[in-house]
Amino acid sequence: MTAATTARGTESLSFEEVGMTFPDGTEAVRNVSLTVSKGEFVTVVGPSGCGKSTLLKIASGLLEPTAGRVVVDRDRLGYVFQDATLLPWRTVKRNVELIAELHGMSDDERDRLAEEAIQLVGLDGFQEHYPKSLSGGMRMRASLARTLTLKPPVFLFDEPFGAVDEITREHLNEETQQLFQREGFAGLFITHSIGEAVFMSTRVVVMSARPGQIVDEFDVPFPYPRDPDLRFDPEFAGLSGEVSHALRGSHS
Ligand code: ADP
């Protein structure tokens, strides 16, 4: 018997021996056990198709695992997708208000939360702009802000900065680790970028090729807030090299 358990009030996310085999027989993930506690930012790196997105979909309840279970409070689960998924006919402000609106919050509360989130992601002044007039990085900021209005104790990020240029991605990484430091959520972040993983995380988890299994884990020792120049630190380069080595081994 498998079950994805919603545990009210839990401020962490646990995968317990989770496995996922799709109806067509594709085994995407096998025996994944991973806990992300409040105040931890865990990044999962792994080859394309190893089941990273599948894990997030299982965490959010979009997919039911075929083995094991997930323990998380789904009522306030933040989820940022690869695409900003903004509604083109709504302004930035109205897009950011959307989740609060769906949760039935009052106009005042919605306005307050949206304004706060817009300030946090650095979009002040763009409240009345429409998505089409924003850059890719700004759209992603708006998407982050929309999720922040939930004040999620657990925050899932499905490779959100994959489509933006490298400099914008670095800025977004710096802002995300500041948000993490400020909000103290339990973060689970999916990426292909080792630099992104090491820069933001408290822990990096390496998955094998399909069926995805956890093959290595690295604690990241650098204190927050992390300075952009950390990327040029020899210790940072050494740790990135270790992750890269584990990742190359995971392809075989
Ligand atoms: P990643 O995010 O690591 O790139 P995914 O989690 O998207 O990988 O996919 C893992 C594997 O499961 C891939 O081989 C993908 O083709 C397969 N897969 C994903 N969704 C389905 C599905 N609904 N049915 C069958 N196979 C699927």
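The preceding data block contains the structure.
Attention now moves to the packing of helix 5 (residues 136–148) against helix 6 (residues 166–183). Relative orientation of the contacting elements helix 5 and helix 6 amounts to 15°, with a least axis distance of 11 Å. For the element pair helix 5 / helix 6, the angle class is roughly parallel. The way helix 5 lies across helix 6 gives a crossing that is right-handed. Every residue of helix 6 that contacts helix 5 at Gly137, Met140, Arg141, Leu144 and Leu148 is listed here: Thr168, His171, Leu172, Glu175, Thr176, Leu179 and Glu183. Classifying every residue of the contact of helix 5 with helix 6 gives five nonpolar, four polar and three charged.

The six strands lie next to each other as 6-7-8-4-9-10, forming an open sheet whose pairing is mixed. Edge positions in the open sheet fall to strand 6 (77–80) and strand 10 (214–219), since each of these has one partner strand only. Taken pair by pair, the neighbouring strands of this sheet meet at an average axis angle of 15°, ignoring direction. Of the strand pairs in this sheet, strand 4 (residues 41–45) and strand 9 (residues 203–207) are connected by four bridges, and their pairing is parallel. By the bridge assignment for strand 9, Val45 is matched with Val206. Along the sheet face, helix 1 (residues 52–60) touches strand 4, strand 6, strand 7 (154–158), strand 8 (186–191) and strand 9 and points at about 150° away from the line of strand 7.

Here is what the cut-offs are and how they apply
Residues numbered from 1 in each chain as written. Predicted model: local features only at pLDDT ≥ 70, side-chain atom pairs only at ≥ 80, totals over all residues. Heavy atoms only, no water. Axes fitted to C-alpha atoms, helices over the stretch in contact; angles between N-to-C directions. Helix = DSSP H or I, 4+ residues; strand = E, 2+ residues; numbered from the N terminus. Parallel < 35°, antiparallel > 145°, perpendicular 65-115°, else oblique. Left-handed = near helix turned anticlockwise from the far one by under 90°. Contact = heavy atoms within 4.5 Å. Nonpolar A, V, L, I, M, F, W, Y, C, P; charged D, E, K, R; others polar. Pairing = 2+ DSSP bridges.

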